[in-house]
Amino acid sequence: MCGIIGYISNEDGGNGRDDEHGGGERADGGPTGGGRALPVLVDGLRNLEYRGYDSAGVALVEDDAVAVHKQQGVIDDLALPDAHPATCGVGHTRWSTHGKPTDANAHPHTDCTGDVAVVHNGIIENYDHLRAELEAAGHAFSSETDTEVVPHLLEAELAARREAATDGGRVDEDGDAGGAESAADGDGEPVDDVGPYRTASTSGGFGDVDVVAAVEAVVDRLEGSYAVAVTVAGREELVVARQDSPLVLGLGDGANFVASDVTAFVEHTREVAYLEDGDVARVTGDAVDVRHDGAWVERDRKTVDWEAEAAEKGGYDHYMLKEIYEQPGALRQTLSGRIDEVAGDVDLDVDLPADVLADVEEIQLVACGTSYHAGLYARRLLEEFADVRVTVEVASEYEFTGGRDPWETLVVAVTQSGETADTLSAMRKAAKAGARTLAVTNTVGSTAAREADDALYIRAGPEIGVAATKTFAAQVTALSLLTVHVGRRRGALSSERASHLLENLRGLPGAVQQLLDASDRLQAVASEYVDEDAYFFVGRQLGSAVALEGALKLKEIAYVHAEGFPSGELKHGTLALVTEDTPVLTVLTEGARPKETLNNVKEVESRGAPVIGFSSYDAAANYLDVEIPIPDLGVLEPLVANVGLQLFAYHVANELGRAIDKPRNLAKSVTVE
Ligand code: AGP
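### Notes on the overall build of the protein chain
- Along the protein chain, the regular secondary structure elements total 18 helices and 28 strands.
- Taken across its 673 residues, the protein chain has 60% of its residues classed as buried.
- Of the contacts formed within the protein chain by residues at least 6 apart in sequence, a portion of 72% connects residues at least 24 apart.

Right, here's the structure in full:
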């Protein structure tokens, strides 16, 4: 998840160009009436930094160029001029998905001419195909990102339209054929190095070419998700487009904004219009014009009443709740471009070829806390679908022992941060012994990603709340994809079976949304059962992994005693603690042996314990005090049930007035052993 901001003002409005340090704020504190882009973009990026913070940049429109300043690091490290006269520009804060966090991979990205600058949020699934096509046509790329295809496609589109408008004649000075050729020197290299500062217009300008129409033609070729904002040298306009990635317009007085969310500009204006999927908009200081399917359309104007801090949390009271609600979108990103339905296979960008996997006798998953629970879930999937022996170990307990052959062992470190000391230590022990390592992480460029032989990114976007929520769901989802990858390459999984699992994965975001829609019900259940003596979480198989995770969530944010374990273990001890003041939360779904679990439910029910069931098993209904229905989704049903457990934990903690985002004694990333 990245953050986008765009700003454009009338040169004459508010504190315009005559004020050297003029920003976008009027002296009377009202909506922005004009001013220079740079300070507005920088403030906006600071407000968006929670969306991602490994690199940042801005593009400022000049008469015959676009000045780009971008580099790895946080906004405050960005080397910027003290002032810049531009009244139009875009900015971006990045959370890497394609390519490491480097200066070259930071946004904005430019075309060969330096006239077009683009910022992007989302994933362009067909970028490799587009890039190959563009490179064959002479375009020189400067980054490893998927985004960079957009400015190059736009360059070609604008050049073609300019040529058509001038009846095939050239409008630039050197008589070149335009497009990519005009952008590169004799060796096909970009004219200017991409560095922190770049101004390199060589196109001769794109004249009066309709940028909106050109952007429409370009986004028509993109597959995947995107929110893009485009600037073109000499043009006092921003052109933006969205598909499955948020984009909101901020409507000022003589100045307008565009951003990933209102946080970016809420200090300037609270008047907004949300773009819809398929929209392309032209934004100037005076006007906002939206096109959809080739026709001009109106989008409702709304007034937001959030303060800046609340806006950063998207209007939610806590980051944790916001992140719970972000799960459908996060999971779409995890899956994006990785499923090949026709072949019943996946495309994972990891170098684990069939001959390597054929030699693997055992997969060892190492992790801590929530990531360990994701590992427990994945173990069942790998064993069932990839027919491989799997062990899961708490990373702090890990040793590479037991007579295993390192050459036949794949060690998978599951760590959302990629910086957990215990997990890194386990991974290093495995690597030292000679085993191949794979990091499954949310953080491109993290220590785990750098040190492992391969990295599989879960693409959940930054998680601010200490309690892991969307990253757990994304870890299990990414590990499910890995299961298909391993199963197919080892010849253990038929394409039909793989297709069925992939179909369930496709349905996962929608099923999670169904649980989120039941949040009011879970809030009421939490109110009813707050302040009990203890809470037990039970399930079997995949359900027991989720039971452990549900208990951990409640412990860490509500500070109440909770225990999770396989339901079959109740009768071996814990049943002695079960009373009418100890609610038992139970996973009764496919993949969790609901029939056997129900027998254990009967044991606690007969002792008076309230039973809250997350269930797709009809026979259970009579034994449950509360039934939360889980939609049919095969082996992913327990993962959906987990969203209900997250909401339960959140609402209990909220009723108890806990510091939900920063629970006592805990840190987001544990970098000591
Ligand atoms: C759970 O809510 C915690 N945040 C914690 O258990 C966490 O999962 C654990 O510390 C591992 O972190 P990692 O995924 O960043 O390695």
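### A word on the pattern of salt bridges
- Taken as a whole, this structure holds 24 salt bridges when the rule is applied.
- The partner of Glu-135 in a salt bridge is Arg-131, with the nearest N and O atoms 3.2 Å apart. You can see Glu-135 and its partner Arg-131 sitting in helix α2 (residues 127–136), four residues apart, about one turn around the helix.
- With a relative accessible area of 38%, Glu-135 lands in the partly exposed category.

### What about the packing of aromatic side chains?
- Here the structure, examined in full by the defined rule, presents five aromatic pairs.
- When the ring of Tyr-7 is compared with that of Phe-257, the centres are 5.1 Å apart and the planes differ by 50°; the resulting orientation is tilted. Note that Tyr-7 is positioned in strand β1 (residues 3–9) and Phe-257 in strand β11 (residues 255–259), a separation of 250 residues in sequence.
- Overall, Tyr-7 belongs to the buried group, its relative accessible area being 0%.
- Overall, the relative accessible area of 0% leaves Phe-257 in the buried class.
- Ring geometry for Phe-257 against Phe-265: centres 5.5 Å apart, planes inclined by 35°, an arrangement best described as tilted.

### Overview of the environment of Glu-361
- Mapped onto the elements, Glu-361 comes out in the loop between α9 (354–358) and β19 (362–367).
- Remark: the alpha-carbon pair of Glu-361 and Thr-409, spanning 48 residues in sequence, is separated by 6.0 Å.
- What Glu-361 contacts, discounting residues up to four positions off in sequence, is Val-388, Arg-389 and Glu-408.

### Some words on the confidence of the model for the protein chain
- On average, residues of the protein chain score 88 in pLDDT, and 89% of them are at 70 or above.
- This stretch, residues 13–34, has a pLDDT under 50; its non-local contacts, to residues over four places away or in other chains, come to 63 contacts.
- For residues 169–202, every residue scores under 50 in pLDDT, and the model assigns this stretch 77 contacts once sequence neighbours within four places are set aside.

### Structural notes on the sheet that holds strand β13 (residues 279–283)
- Judged by pairing direction, the sheet is antiparallel, and its seven strands sit side by side in the order β5-β6-β8-β9-β13-β14-β15 without closing on themselves. Taken across any chain shown, the strands that pair with only one partner, and hence form the sheet edges, are β5 (109–110) and β15 (295–297).
- Strand direction decides the pairing type here: β13 and strand β14 (residues 288–292), joined by five bridges, are antiparallel. Within β14, the residue paired with Ala-281 across the bridge is Val-290.
- Here helix α3 (residues 149–165) sits on the sheet and contacts β5, β6 (116–124) and β8 (224–232); the angle it forms with β6, its principal contact strand, is near 130°.

### Examining the nonpolar core
- One finds Ile-363 and Leu-554 to be the most contacted residues of the largest nonpolar core, which totals 96 residues.
- For this core, the element with the most residues is helix α18 (residues 637–655), which contributes 11 residues.
- Formed jointly, this core draws a minimum of three residues from each of two domains, domain 2 (313–517) and domain 3 (519–673).
- If we skip the residues at most four places from it in the chain, Ile-363 touches Leu-382, Val-388, Arg-389, Val-390, Thr-391, Leu-410, Val-412 and Val-486.
- Within the second largest apolar cluster, 29 residues are counted, among which are Val-118, Val-209, Ala-241 and Val-280.

### Remarks on the environment of Val-232
- Among the structural elements, Val-232 can be located in strand β8.
- The buried category is assigned to Val-232, whose relative accessible area is 2%.
- Ignoring any residue separated from it by four or fewer positions in sequence, one finds Val-232 in contact with Val-61, Val-66, Asp-115, Leu-158, Phe-206 and Val-211.

### Here we look at a negative patch on the surface
- A cluster of acidic residues, Asp-355, Asp-359, Glu-361, Asp-405 and Glu-408, forms a negative patch at the surface.
- Relative to the assigned elements, Glu-408 resides in the loop between β20 (389–394) and β21 (409–415).
- Taking the relative accessible area as the measure of exposure, Glu-408 reaches 31% and is therefore partly exposed.

### A few points about the sheet that holds strand β23 (residues 454–457)
- Here we have five strands laid out as an open sheet, ordered β20-β19-β21-β22-β23, and parallel in their pairing. The open sheet terminates on both sides in strands that have one partner only, identified here as β20 and β23. Taken pair by pair, the neighbouring strands of this sheet meet at an average axis angle of 20°, ignoring direction.
- Together, β19, β21 and β22 (436–441) form the strand contacts of helix α11 (residues 421–433), whose direction differs from that of β21 by roughly 165°.

### Overview of the site of the ligand
- Taken together, the neighbourhood of the ligand is formed by 13 residues, with Ser-371, Thr-415, Ser-417, Thr-420 and Glu-556 sitting nearest.
- In the environment of the ligand, an oxygen atom lies 2.5 Å from a nitrogen or oxygen atom belonging to the side chain of Thr-420.
- Within the side chain of Glu-556, an N or O atom sits 2.4 Å from an oxygen atom of the ligand.
- For the ligand, whose unbound accessible area comes to 410 Å², protein coverage reaches 91%.
- For the shell around the ligand, the elements supplying multiple residues, two or more each, are α10 (369–386) and α16 (542–558).
- Considering every element that reaches the shell around the ligand, the biggest residue donor is α10, with three residues.
- Its residues assigned to classes, the shell around the ligand shows four nonpolar, seven polar and two charged.

### Looking at the packing of α3 against helix α5 (residues 211–219)
- Look at α3 against α5: their axes get within 9 Å of each other, and the N-to-C directions meet at 125°. By the angle class used here, α3 and α5 are oblique. Once α3 is placed against α5, the crossing between them reads as right-handed. On the side of α3, the interface is formed by Val-150, Leu-153, Leu-154, Glu-157, Leu-158 and Arg-161, while α5 contributes Val-211, Ala-213, Ala-214, Val-215, Ala-217 and Val-218.
- Residues belonging to the contact of α3 with α5 are distributed by class as follows: 10 nonpolar, no polar and two charged.

The rules behind the values
- Residues numbered from 1 in each chain as written.
- Predicted model: local features only at pLDDT ≥ 70, side-chain atom pairs only at ≥ 80, totals over all residues.
- Heavy atoms only, no water.
- Helix = DSSP H or I, 4+ residues; strand = E, 2+ residues; numbered from the N terminus.
- Buried < 20%, exposed > 50% of the residue type's maximum accessible area, 1.4 Å probe, protein only.
- Contact = heavy atoms within 4.5 Å.
- Salt bridge = Lys/Arg side-chain N within 4 Å of Asp/Glu carboxyl O.
- Phe/Tyr/Trp six-rings, centres within 6.5 Å; stacked < 30°, edge-to-face > 60°.
- pLDDT = per-residue confidence, 0-100.
- Pairing = 2+ DSSP bridges.
- Axes fitted to C-alpha atoms, helices over the stretch in contact; angles between N-to-C directions.
- Core = buried A, V, L, I, M, F, W, Y, C linked by side-chain atoms within 4.5 Å.
- Domains from an automatic or database assignment.
- Patch = residues over 30% accessible without salt bridge, like charges linked within 9 Å, V, L, I, M, F, W, Y side chains within 5 Å.
- Areas by Shrake-Rupley, 256 points an atom, 1.4 Å probe, with all protein chains shown as cover.
- Lys, Arg positive; Asp, Glu negative; His and termini not counted.
- Charge placed at Lys NZ, Arg CZ, Asp CG, Glu CD.
- Near = heavy atom within 4 Å.
- Polar contact = N/O pair within 3.5 Å; in protein donor to acceptor, adjacent residues only side chain to side chain.
- Nonpolar A, V, L, I, M, F, W, Y, C, P; charged D, E, K, R; others polar.
- Parallel < 35°, antiparallel > 145°, perpendicular 65-115°, else oblique.
- Left-handed = near helix turned anticlockwise from the far one by under 90°.

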